[in-house]
Amino acid sequence: MKLVREIFPLAAVLVLASAFCGRASAQGIDPATLLKPTSDSWPMYHGDYSGQRHSHLSQITPANVHELTLAWAFQTGQTTQIKSSPIVAGGILYVSIPDHVWAVDARTGSRVWHYNYPPNEGSHIGNRGVALYKDSVYFATPDNHVVCLNARDGTVRWNVVLADVKEGYWSSVAPLIVRDHVLVGLSGDFDNLPGMLKSLDAETGQVQWTFYSTPSPGTPGSPSGGATGGNMWITGTYDPESNVVFEGTGNPTPVLAAQLRPGDNPWTCSIVALNPDTGKFIWGFQPSPHDTHDWDAVEVPVLVDGAFNGSPRKMLLQASRNGYFFVLDRTNGKSLLTTTFAAVNWSSGVDKDGRPIRNAAKDPARDGRLVSPDEGGATNYRSPSFDARTGLLVVSSRDAYGIYFSKPEHGTVGWGGADYEVFGKAVLRAIDYQTGKIRWNHDLGGGGAAAGVLTTDSGLIFTGDSVRSVMALRTSDGATLWHSAIGHVGNSPITYELDGRQYVIVASDGALFAWALPEKSVEQTRFGSHK
Amino acid sequence: MMSFLLYSLRARRRCGLVLAVLICIVAHSYARSRNGQDLASATSGSAPLGQIQARQELFSARCGVCHGRDAAGGSALGPNLLASALVAESGKERSQTAQAASQSANSRSYPPDQIQAGRTLFAAQCSFCHGRDAGGGESGPDLMASALVEQDVHGEKIGEVVRNGRLGKGMPAFDHVDEQQLAALVAFIYDRKVKAKEGRRRTVDVSDLQTGNAEAGMRYFNGAGGCAKCHSPSGDLAGIAGKLQGLELLKRMLYRENGRAAESSPGDGRLAEPSKAIPTATVTLPSGETVTGKLAYRDEFTIALTDPSGWYRSWPVTRVKFTVMNPLDAHIEQLAKYTDEDMHNVLAYLQTLR
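Calculation criteria
Residues numbered from 1 in each chain as written. Chains lettered and ligands numbered in written order. Predicted model: local features only at pLDDT ≥ 70, side-chain atom pairs only at ≥ 80, totals over all residues. Heavy atoms only, no water. Helix = DSSP H or I, 4+ residues; strand = E, 2+ residues; numbered from the N terminus. Buried < 20%, exposed > 50% of the residue type's maximum accessible area, 1.4 Å probe, protein only. Contact = heavy atoms within 4.5 Å. Areas by Shrake-Rupley, 256 points an atom, 1.4 Å probe, with all protein chains shown as cover. Rg over C-alpha atoms; globule rule 2.2 N^0.38 Å. Polar contact = N/O pair within 3.5 Å; in protein donor to acceptor, adjacent residues only side chain to side chain. Core = buried A, V, L, I, M, F, W, Y, C linked by side-chain atoms within 4.5 Å. pLDDT = per-residue confidence, 0-100. Pairing = 2+ DSSP bridges. Axes fitted to C-alpha atoms, helices over the stretch in contact; angles between N-to-C directions. Expected span 1.5 Å × (residues − 1). Buried area = accessible area lost by both parts, 1.4 Å probe. Salt bridge = Lys/Arg side-chain N within 4 Å of Asp/Glu carboxyl O. Nonpolar A, V, L, I, M, F, W, Y, C, P; charged D, E, K, R; others polar. Phe/Tyr/Trp six-rings, centres within 6.5 Å; stacked < 30°, edge-to-face > 60°.

Caption draft 1: Fine view of the overall build of chain B. On a plain count of helices and strands, chain B comes out with 15 helices and five strands. Burial statistics for chain B: of 354 residues in total, 43% are counted as buried. Taking contacts inside chain B between residues at least 6 apart in sequence as the whole, the part at least 24 apart equals 56%. Surface accessibility of chain B: about 18700 Å² in total, with carbon and sulfur atoms responsible for 55%.

Below, the structure written as structure tokens:
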């Protein structure tokens, strides 16, 4: 009897362990599949390397979307808003907020494991998501650690420090996996610190290289004109064919007090092309030369291959926080098109290289300047989506005004000024990438920024308004086809298909909501043609 | 007495620890105060009586079912917290802190530990908008120049804003902040207020906003700006410069966040001028009946108003016809028309309306 008591648990462990190992190869993620994600996954922040946030799934259509029903909800039990994009692979969904990661059954929403990072003083303003490589989950913490977790159970494999939180850096980015590189950009603009993007070895966490968008303060002959900043706090995109990573960089520091950083301040408020193996700089383009309003250019650099003026082009699209829409030739960083997509009053036109010309009269001043957009920007971290069938980049945008102040007494460290939002109006806009013209506007019903955007092959857009609804719109004209008042959607939606059922996932406050067609309708969709 | 307690502690430690972690901080603070009463020798400091009563209510409502209304253990589920090692340990440290804080609240100096705890919490949760030094940051004001902070004595005003937020002003609600965390935040903010170097503060002073020409502002007010269509210096704006100054006046002049009939404005009584900026909705029902009232809610799908008898009524927008008159539409249009000079001139004119 004693023997049985001792052996039985051991046998059970062995059986479980062998079952586990057998499944292990099927779960986690093969890095090669990142090049061509499968329909049962959303394996990285943008869904794929292009940053288009577009899915080829088409079970949910404009004709049946009104039937959408709640498949499941997952409550984190935290009051912190979910701003991250969940990552899905092997039937498991990974979702994060600052200091927390949950693994959740992607079919049912039941919790598999929870990882809780210790309290720390990094800014908890947001976490954009985790990254997945083989059977590891990578998580950037507010105090600039990257923690590698075992994707099976959330146990820590390693934990490395990228920067000192005491200096003023914090971290919020969803890492980008390129082969065995884990690319992690830092955040922080309240102190004069150089912008950094680091590549870690996916297996060991060792730093492979660091790209500095600006040099350390006081660097002689600084190419940035004395500016620091330019942190890369949104996940970049990657072109596997040319092996180039594209990153948007943040605003310069001091932020509003610009007199001590003359010139254009490269590479702040820029889009930069980098070699992912070495971190070597290839080219840069500056949406906001010598920014004086905190309009970083970290918004997703969307990669599109298609026609432009009748010729095939490899392009990069960005709807930038400063209110301008840019189309670049991504092979060389040259401008193809620059136009505004929201209210803008800070520039006096566009220069020969396609860069907006800053009107110095709108720089922050002692008595205040009324500026559009405001500091929150014409768009922000929430992802846009590109739909190749219609040629539309769909962007959550704002027409907004703020007042900007700066005076010598504000100092030259960090913010170096003060600014206040005056008014904003949120509008979803569909930009024709070939002309920059707005195809349609959809009023989002409020002043604050709304949600990120997802498009699908069936001609649908999933997003949220700025009041309290998740919505499905028709891509061709922006008409609302479905909505549910779950509360303000705080992240960028994702979709995947499991067991033949398409799920759309959005977050509101501390909960995830999974939408799908009713099981009955799924059956009809799949077998309707055999009737 | 102590040895008996320690003995019973050991027996209960296991389940006590697990459950004690699950219960909220309120349980700790109430239990600590109970502990303090029962074990005078172990804890020398105690919370003010009013706080204890409030905690007692919260404790019996949330925790009493398992731990007993007096924290001495209730059903089989909840251990006697008075005998918990966890409570005893935390009570020791924190009662000292609490004592120091309550003693020093009037002189506004705080124990270094509390300030440090506040600094960490502020850096994690508040610094993005208010700066790491509380001197102002991305869209958040310099807290050391805040009238509300100035008026606050024990954190009651700061606490209200932290917990309820300020809707329409961009301040989110941090309703999970407990008393101890709030005390730490207050300690940090006051410490900053005392030690702040002028060079790192991001204040907009009334004296910064004196660059306009009042006469030109009056002309714009009565002419191109169209302000006189709705406003009058002897009517609604009489004495405005005495009520609002500097940045507050400038922000109000440019635009004021729409109120809604059902929304109160917590902690902001000073600025409350009810009903003036609330849009009016007129809804025509399928029957042909029309209802007019203050707009109470609106999104793409629903319209609601507060009817003349004070009742909230809502309709799907597809079932009714409606119009909304927003008195602030002219302000929104004006934002695109103002030059900075116009803006400063009109402000200068308003500053003459004392």
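Now that the structure has been shown, the text picks up again.
Caption draft 2: Region of the structure containing the overall build of chain A. Check the secondary structure of chain A and you find two helices and 38 strands. Here chain A has a C-alpha radius of gyration of 23 Å; the compact-globule value for 531 residues is 24 Å, and the two agree. The principal-axis extents of the C-alpha atoms in chain A amount to approximately 85 × 55 × 45 Å. Here chain A holds 531 residues, and the buried ones make up 63% of them.

Caption draft 3: Here's a closer look at the side chain of Ser41(A). All names here are of chain A. Tracing the sequence through the fold places Ser41 in the loop between helix H1 (2-24) and strand S1 (54-55). A distance of 2.9 Å separates the side chain of Ser41 from the backbone oxygen of Thr38, its partner in a polar contact. Residues contacting Ser41, with those up to four places away along its chain left out, are Val88, Ala89, Thr495 and Tyr496.

Caption draft 4: Spatial organisation of the nonpolar core. Residue and element names in this part refer to chain A. The biggest cluster of nonpolar side chains holds 51 residues, and the ones touching the most others in it are Tyr94, Trp113, Tyr115, Leu132, Val137 and Tyr138. Beyond its immediate stretch of four places on either side in the chain, Tyr138 contacts Val130, Ala131, Tyr133, Val147, Cys148, Trp158, Pro175, Ile177, Val182 and Ala202. Core analysis: the next-biggest nonpolar cluster, separate from the first, contains 39 residues, Phe74, Leu93, Val95 and Ala511 among them.

Caption draft 5: The arrangement of the environment of Cys227(B) in detail. Residues and elements named next belong to chain B. Within the element layout of this structure, Cys227 appears in the loop between helix H11 (214-222) and helix H12 (240-243). By relative accessible area, which is 13% here, Cys227 ends up buried. Note: C-alpha distance between Cys227 and Gln334 (107 residues apart in sequence) is 9.5 Å.

Caption draft 6: Spotlight on the confidence of the model for chain A. Averaged over chain A, the pLDDT score is 93; the fraction of residues at 70 or greater is 94%. Predicted confidence is poor over residues 1-25 of chain A, with pLDDT under 50, and the contacts of this stretch with residues over four places away or in other chains come to three contacts.

Caption draft 7: The arrangement of the sheet that holds strand S3 (residues 87-89) of chain A in detail. Residues and elements named next belong to chain A. Strand order in the open sheet formed by four strands is S3-S4-S5-S6, with antiparallel pairing between adjacent strands. In the strand order of this sheet, the two ends are held by S3 and strand S6 (111-116), each with one partner. Neighbour-to-neighbour, the strand axes of this sheet turn through a mean angle of 15 degrees, independent of strand direction. As defined by bridge partners, strand S5 (residues 100-105) adjoins S6 across five bridges and the pair is classed as antiparallel. Considered in S6, the bridge of Val104 is made with Arg111.

Caption draft 8: Main features of helix H6 (residues 112-125) of chain B. The end-to-end C-alpha distance of H6(B) is 20 Å, a good match for the 20 Å that 14 residues give at a rise of 1.5 Å each. Taken together, the buried positions of H6(B) are Gln114(B), Ile115(B), Gly118(B), Phe122(B), Ala123(B) and Ala124(B).

Caption draft 9: The arrangement of the interface of chain A and chain B in detail. In this assembly, 50 residues from chain A lie in contact with 42 residues from chain B. Each partner contributes to the roughly 3800 Å² buried at the junction of chain A and chain B, and carbon and sulfur atoms together form 56% of this total. Contact with chain B buries area across many residues of chain A, yet Phe190(A), Asp367(A) and Tyr420(A) alone supply 17% of it, more than any other trio. There are five salt bridges connecting chain A and chain B. With a closest N to O distance of 2.7 Å, Arg366(A) and Asp208(B) form a salt bridge. Counting residues per element, the ones that place at least two in the side of chain A that touches chain B are strand S27 (369-371), strand S29 (392-405), strand S30 (418-432), strand S31 (438-443) and strand S35 (480-484) of chain A. No other element matches S30(A), which puts five residues into the side of chain A that touches chain B. Counted by class, the side of chain A that touches chain B contains 17 nonpolar, 15 polar and 18 charged residues.

Caption draft 10: Main features of the pattern of salt bridges. All names here are of chain A. As enumerated under the stated definition, the model contains 35 salt bridges over all chains in all. Lys166 is paired through a salt bridge with Glu121; the nearest N and O atoms lie 2.5 Å apart. Within this pair, whereas Lys166 is found in the loop between strand S10 (156-161) and strand S11 (176-178), its partner Glu121 is found in the loop between S6 and strand S7 (131-133), the two being separated by 45 residues in sequence. A relative accessible area of 54% means that Lys166 is categorised as exposed. Residues joined by salt bridges that share partners form a network here, namely Asp239, Glu241, Asp305, Lys314 and Arg330.

Caption draft 11: Quick look at the environment of Arg389(A). All names here are of chain A. In this fold, Arg389 is placed in the loop between strand S28 (385-387) and S29. By relative accessible area, which is 63% here, Arg389 ends up exposed. Considering only alpha carbons, one finds Arg389 and Ser476, 87 residues apart in sequence, at a separation of 9.4 Å.

Caption draft 12: The side chain of Glu121(A), seen in detail. With a relative accessible area of 16%, Glu121(A) lands in the buried category. Of the polar contacts made by the side chain of Glu121(A), one reaches the side chain of Lys166(A); its length is 2.5 Å. What Glu121(A) contacts, discounting residues up to four positions off in sequence, is Val165(A), Lys166(A), Thr120(B), Ala123(B) and Ala124(B).

Caption draft 13: A look at the sheet that holds strand S23 (residues 324-329) of chain A. All names here are of chain A. Strand order in the open sheet formed by four strands is S21-S22-S23-S24, with antiparallel pairing between adjacent strands. Lying at the two open borders of the sheet, with one neighbouring strand each, are strand S21 (302-308) and strand S24 (334-340). If you compare each strand with its neighbour and ignore which way they point, the axes differ by 30 degrees on average. Relative to S23, strand S22 (residues 311-319) runs antiparallel, the two sharing five bridges.

Caption draft 14: Fine view of the packing of aromatic side chains. Counted by the stated rule, this structure contains 27 aromatic pairs over all chains. Between Phe74(A) and Trp102(A), the ring centres sit 6.1 Å apart and the planes meet at 70 degrees, which makes this aromatic pair edge-to-face. In this pair, Phe74(A) is assigned in strand S2 (residues 69-75) and Trp102(A) in strand S5, connecting sequence segments 28 residues apart. Of the two residues examined, Phe74(A) and Trp102(A), each falls in the buried class. A centroid spacing of 6.3 Å and a plane angle of 5 degrees characterise the contact between Tyr110(B) and Tyr190(B), whose relative ring orientation is stacked. Of this pair, Tyr110(B) sits in the loop between helix H5 (85-104) and H6 while Tyr190(B) is found in helix H10 (residues 179-195), placing the two residues 80 residues apart along the sequence.

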